[in-house]
Amino acid sequence: MAAIVRFAPSPTGRIHIGNARTAILNWLMAQKTGGQFVLRYDDTDTARSTQEYAEGIATDMAWLGIRPARVEWQSKRFARYDEVSNRLRAEGRLYPCYETAEELDYRRKRQQSRNLPPIYDRAALKLTGEDRAKLEAQGRKPHWRFRLDGRVVEWNDLIRGPQHIDTRTLSDPVLVREDGSYLYTLPSVIDDIDFGITHVIRGEDHVVNTAVQIEITEALGAGAPAYAHHSLLVGADGKGLSKRLGSLSIASMREGGLEPMAVVSHAALLGTSDNIHPCADYTELVDGFALDKLSRAPARFDEQELLHLNAKLLHHLPWDAVKDRLPADSEAFWLAIRGNIEKLSDAATWRAVVSGKVTPAIDAEDADFIATARGLLPPEPWDATSWKVWTEAVKAATGRKGKPLFMPLRKALTGLEHGPELAQLLPLIGRQTALERLG
Ligand code: GLU
């Protein structure tokens, strides 16, 4: 079945790794089934939503390789929401309430002190037309609650399995505020129906909303989509990510030089029964995707692991995949250094080692050895065999082998104790520079 899915961020900030994971799971679902991915901006909160954040989210989506088939804005659909809410009013499913926040708070406290659940008591349902007229004459404006059926709502969650929520344990939700603005709950249902959404894949913080939204969907005469609620990310310390979300934004990952497919692979495989490994494109992730591979347990997100995955991804990337971003370099340079970087920007370190200014590190006890080695440098042209030709000759002349042979050469040529294979670096450094560093 071709799934029509949606990712519904509020453009009140940039998306972070947790939201991106939701987006990626939806994108995988669409790709796997030959379906469609709808990007829906939940911008009913017009005071906090901005065009700039929306553009930022679009940039993040593109960077993650997600291409929405359709983009929708809730702020453009108020007429439709008014039409539907008027229908629910006419049917008595949406009813006006006049309590102030303080009154509601007082009632909740009173219920709690009597060990009663803090559920809205539906006092407003008992108001007569006259009562309402009086309240409105006092200048009170109603907010509107949806009258729940008060039954056990059931669905087979594609990640969590069979779910049962008794809506008698919930307050009738407010769908429309005093000023006529919409809370998220109703517009989301209307959009899911109107856009033909077949699968709602979202975080488990929405599980209770789902019971309410299924009731609203049915009140509107529609069939509910399939639901899948994934667990939320926690940090390596097992705590929620909320405090660090700024630094975990997709924008900061991009600016920090991570590869999009490292972020995608990590987000897609976290909390699944598959090993987390780098995928160079979506193909393998799509092939292996199944919602039932997602665990119900919180998924641990560790930035160090992401960095490690980024390095692993780079280690196998062909030159073609990076050459546009390394315009000054060559394929031979890339193949030499790709195993020694965590981020693409680290290429600069090795570029400097190859062609920049290096301070050779030559220990006093190696000075004669290095001088001998310098005299044995083979003539150019150099290729991948030159290092072996040279070090065989040095070995024969000095009797050194193993680390005492190689380490002083590495330190003299690069100024460092670690790095890419010298067999690959030497031809890049070239004879002239090698002579200077060894002398
Ligand atoms: N805007 C909502 C959120 O970000 C969307 C939730 C949903 O997917 O229905 O939480």
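Before reading further, recall that the structure is shown in the block above.
Residues numbered from 1 in each chain as written. Predicted model: local features only at pLDDT ≥ 70, side-chain atom pairs only at ≥ 80, totals over all residues. Heavy atoms only, no water.

Trainee: What exactly am I supposed to notice about the overall build of the chain here?
Mentor: Tallying secondary structure elements over the chain gives 19 helices and 12 strands in all. Taken over C-alpha atoms, the radius of gyration comes to 31 Å for the chain, far larger than the 22 Å a tight globule of 439 residues would show. Reported as C-alpha extents along the three principal axes, the dimensions of the chain are approximately 110 × 45 × 35 Å. In the chain, which comprises 439 residues, the proportion classed as buried is 46%. Taking as baseline every contact in the chain between residues at least 6 positions apart, the subset at least 24 positions apart corresponds to 74%. With the model as given, the accessible surface of the chain reaches about 21100 Å², and the carbon-plus-sulfur share is 51%. In the chain, 56 side chains carry a positive charge and 59 a negative one; their mean positions are 3 Å apart. (Helix = DSSP H or I, 4+ residues; strand = E, 2+ residues; numbered from the N terminus. Rg over C-alpha atoms; globule rule 2.2 N^0.38 Å. Buried < 20%, exposed > 50% of the residue type's maximum accessible area, 1.4 Å probe, protein only. Contact = heavy atoms within 4.5 Å. Areas by Shrake-Rupley, 256 points an atom, 1.4 Å probe, with all protein chains shown as cover. Lys, Arg positive; Asp, Glu negative; His and termini not counted. Charge placed at Lys NZ, Arg CZ, Asp CG, Glu CD.)

Trainee: What's the story with the pairing of strand β9 (residues 199-203) in this structure? I'm lost.
Mentor: Residues in a regular strand project their side chains so that they alternate between the two faces of the sheet. Summarising burial for β9: 5 of the 5 residues are buried, a large majority. As judged from the 5 bridges shared by β9 and strand β10 (residues 226-230), these two strands associate in the parallel manner. Counterpart to Ile 201 in the pairing with β10 is Ala 228. Once the chain exits β9 it traverses helix α7 (residues 207-219) before rejoining the sheet at β10, and the crossover so formed is right-handed. (Pairing = 2+ DSSP bridges. Right-handed = clockwise from strand over helix to strand, strands pointing away.)

Trainee: Got a minute to help me understand empty space enclosed by the protein in this structure?
Mentor: Take a probe with the size of a water molecule and roll it over the atoms, and the empty space left behind shows itself. Per the counting criterion, the structure on display carries 1 cavity of 30 Å³ or more. What lines the largest cavity is simply Val 189, Asp 192, Ile 193, Gln 213, Thr 217, Pro 225 and Tyr 227. At the level of elements, α6 (185-194) and α7 are the ones that each hand at least two residues to the lining of the largest cavity. (1 Å grid on protein atoms, 1.4 Å probe; cavity = no way out; pocket = protein on both sides within 12 Å on 5 of 7 lines; lining within 4 Å. Points joined across faces, edges and corners; volume = space filled by probe spheres on them.)

Trainee: How should the site of the ligand be read in this particular structure?
Mentor: As a matter of local geometry, the ligand sits amid Arg 6, Ala 8, Ser 10, Asp 42, Tyr 184, Ser 188, Arg 202 and His 206. Between Arg 6 and the ligand, the recorded distance is 2.6 Å, taken from a side-chain N or O atom to an oxygen atom. Side-chain polar atom of Asp 42 to a nitrogen atom of the ligand: 2.6 Å apart, as the coordinates give it. When the ligand is considered free in solution it has 290 Å² of accessible area, and contact with the protein chains removes 76% of it. With respect to the detected pockets, the ligand is housed in the largest pocket. (Near = heavy atom within 4 Å. Polar contact = N/O pair within 3.5 Å; in protein donor to acceptor, adjacent residues only side chain to side chain. Sits in = over half its atoms within 2 Å of the grid points.)

Trainee: Got a minute to help me understand the packing of aromatic side chains in this structure?
Mentor: Each aromatic ring pair is specified by the distance between its two centres and by the angle formed by the two planes. Counting across every chain of the model gives 9 aromatic pairs. Ring geometry for Trp 27 against Tyr 282: centres 6.4 Å apart, planes inclined by 80°, an arrangement best described as edge-to-face. Of this pair, Trp 27 sits in helix α1 (residues 17-33) while Tyr 282 sits in helix α10 (residues 282-288), and the two are 255 residues apart along the sequence. We classify Trp 27 as buried; its relative accessible area is 4%. One aromatic cluster in this structure is built from Trp 27, Phe 37 and Tyr 282. One residue, Arg 145, lies across the ring of Tyr 120, its end atom 3.8 Å from the ring centre. One residue, Arg 254, lies across the ring of Trp 63, its end atom 5.9 Å from the ring centre. (Phe/Tyr/Trp six-rings, centres within 6.5 Å; stacked < 30°, edge-to-face > 60°. Lys NZ or Arg CZ within 6 Å of the ring centre and 35° of its normal.)

Trainee: Looking at this model, I keep getting lost on helix α2 (residues 51-63). Mind explaining?
Mentor: One turn of the α-helix equals 3.6 residues, which is why residues spaced by three or four share an orientation. For α2, which comprises 13 residues, the first-to-last C-alpha distance of 18 Å matches the rise-based estimate of 18 Å (1.5 Å per residue) to within 8%. Positive backbone phi, at 80°, marks Gly 65, one or two positions downstream of α2. (Expected span 1.5 Å × (residues − 1).)

Trainee: Even after reading the chapter, I still don't get the pattern of salt bridges, so can you show me in this structure?
Mentor: Side chains that differ in sign of charge can pair as their charged atoms come close. Within this structure, the stated rule accounts for 33 salt bridges. Taking the shortest distance from any N to any O, the salt bridge between Glu 83 and Arg 80 comes out at 3.0 Å. Taken together, the residues span about one helical turn, with Glu 83 and Arg 80 both in helix α3 (residues 78-90) at a distance of 3 residues. With a relative accessible area of 49%, Glu 83 lands in the partly exposed category. Each of Arg 6, Arg 40, Asp 42, Arg 77, Arg 80, Glu 83, Asp 191, Asp 192 and Asp 194 takes part in salt bridges that share partners, so that together they form one network. (Salt bridge = Lys/Arg side-chain N within 4 Å of Asp/Glu carboxyl O.)

Trainee: Hey, could you run me through the layout of surface pockets in this one?
Mentor: Put simply, the largest pocket is a space of about 930 Å³. Along the walls of the largest pocket sit 38 residues, with Ala 8, Pro 9, Asn 19, Asp 205 and His 206 positioned nearest its centre. Of all the secondary-structure elements, those providing two or more residues to the lining of the largest pocket are β1 (4-7), α1 and β9. Classifying every residue of the lining of the largest pocket gives 13 nonpolar, 15 polar and 10 charged. As for the second largest pocket, its lining consists of Ser 247, Ser 252, Met 253, Gly 256, Leu 258, Glu 303, Gln 304, Leu 306, Leu 307 and Lys 343. Listing elements by their share of the lining of the second largest pocket, those giving two or more residues are α8 (250-255) and α11 (303-316). Split by residue class, the lining of the second largest pocket holds 4 nonpolar, 4 polar and 2 charged. (Nonpolar A, V, L, I, M, F, W, Y, C, P; charged D, E, K, R; others polar.)

Trainee: What should I look at first to understand unusual backbone geometry in this one?
Mentor: As a rule of thumb, non-glycine residues mostly have phi less than zero, and peptide bonds are mostly trans rather than cis. With an omega of 5°, the peptide bond between Glu 380 and Pro 381 qualifies as cis. Mapped onto the fold, Pro 381 is located in the loop between α15 (367-375) and α16 (386-398). Of note, Asn 115 is a non-glycine position whose phi angle comes to about 60°, a positive value. Along the chain, Asn 115 falls in the loop between α4 (101-113) and α5 (129-137). Classification of Asn 115 by relative accessible area gives exposed; the value is 72%.

Trainee: Where do I start with the sheet that holds strand β8 (residues 174-176) in this structure?
Mentor: Through backbone hydrogen bonds, the strands of a sheet pair up, either in parallel or in antiparallel fashion. Spatial ordering of the open sheet is given by β4-β5-β8, a layout of 3 strands whose pairing is antiparallel. The strands lining the two open edges of the sheet, one partner per strand, are β4 (94-97) and β8. Geometrically, the sheet is characterised by an average inter-axis angle of 45° between neighbouring strands, direction not taken into account. (Axes fitted to C-alpha atoms, helices over the stretch in contact; angles between N-to-C directions.)

Trainee: Please explain the packing of helix α9 (residues 260-269) against α11 as it appears in this structure.
Mentor: To describe two helices that pack against each other, one gives the angle between their axes and the distance between the axes. The interhelical angle for the contact between α9 and α11, taken along N-to-C directions, is 125°, at an axis separation of 9 Å. Comparing the axis directions of α9 and α11 gives the class oblique. For α9 against α11, the interelement crossing comes out right-handed. Contacts between α9 and α11 involve Met 261, Ala 262, Val 263, Ser 265 and His 266 on the former and, on the latter, Glu 305, Leu 306, Leu 309, Asn 310 and Leu 313. For the contact of α9 with α11, the residue count by class is 6 nonpolar, 3 polar and 1 charged. (Parallel < 35°, antiparallel > 145°, perpendicular 65-115°, else oblique. Left-handed = near helix turned anticlockwise from the far one by under 90°.)

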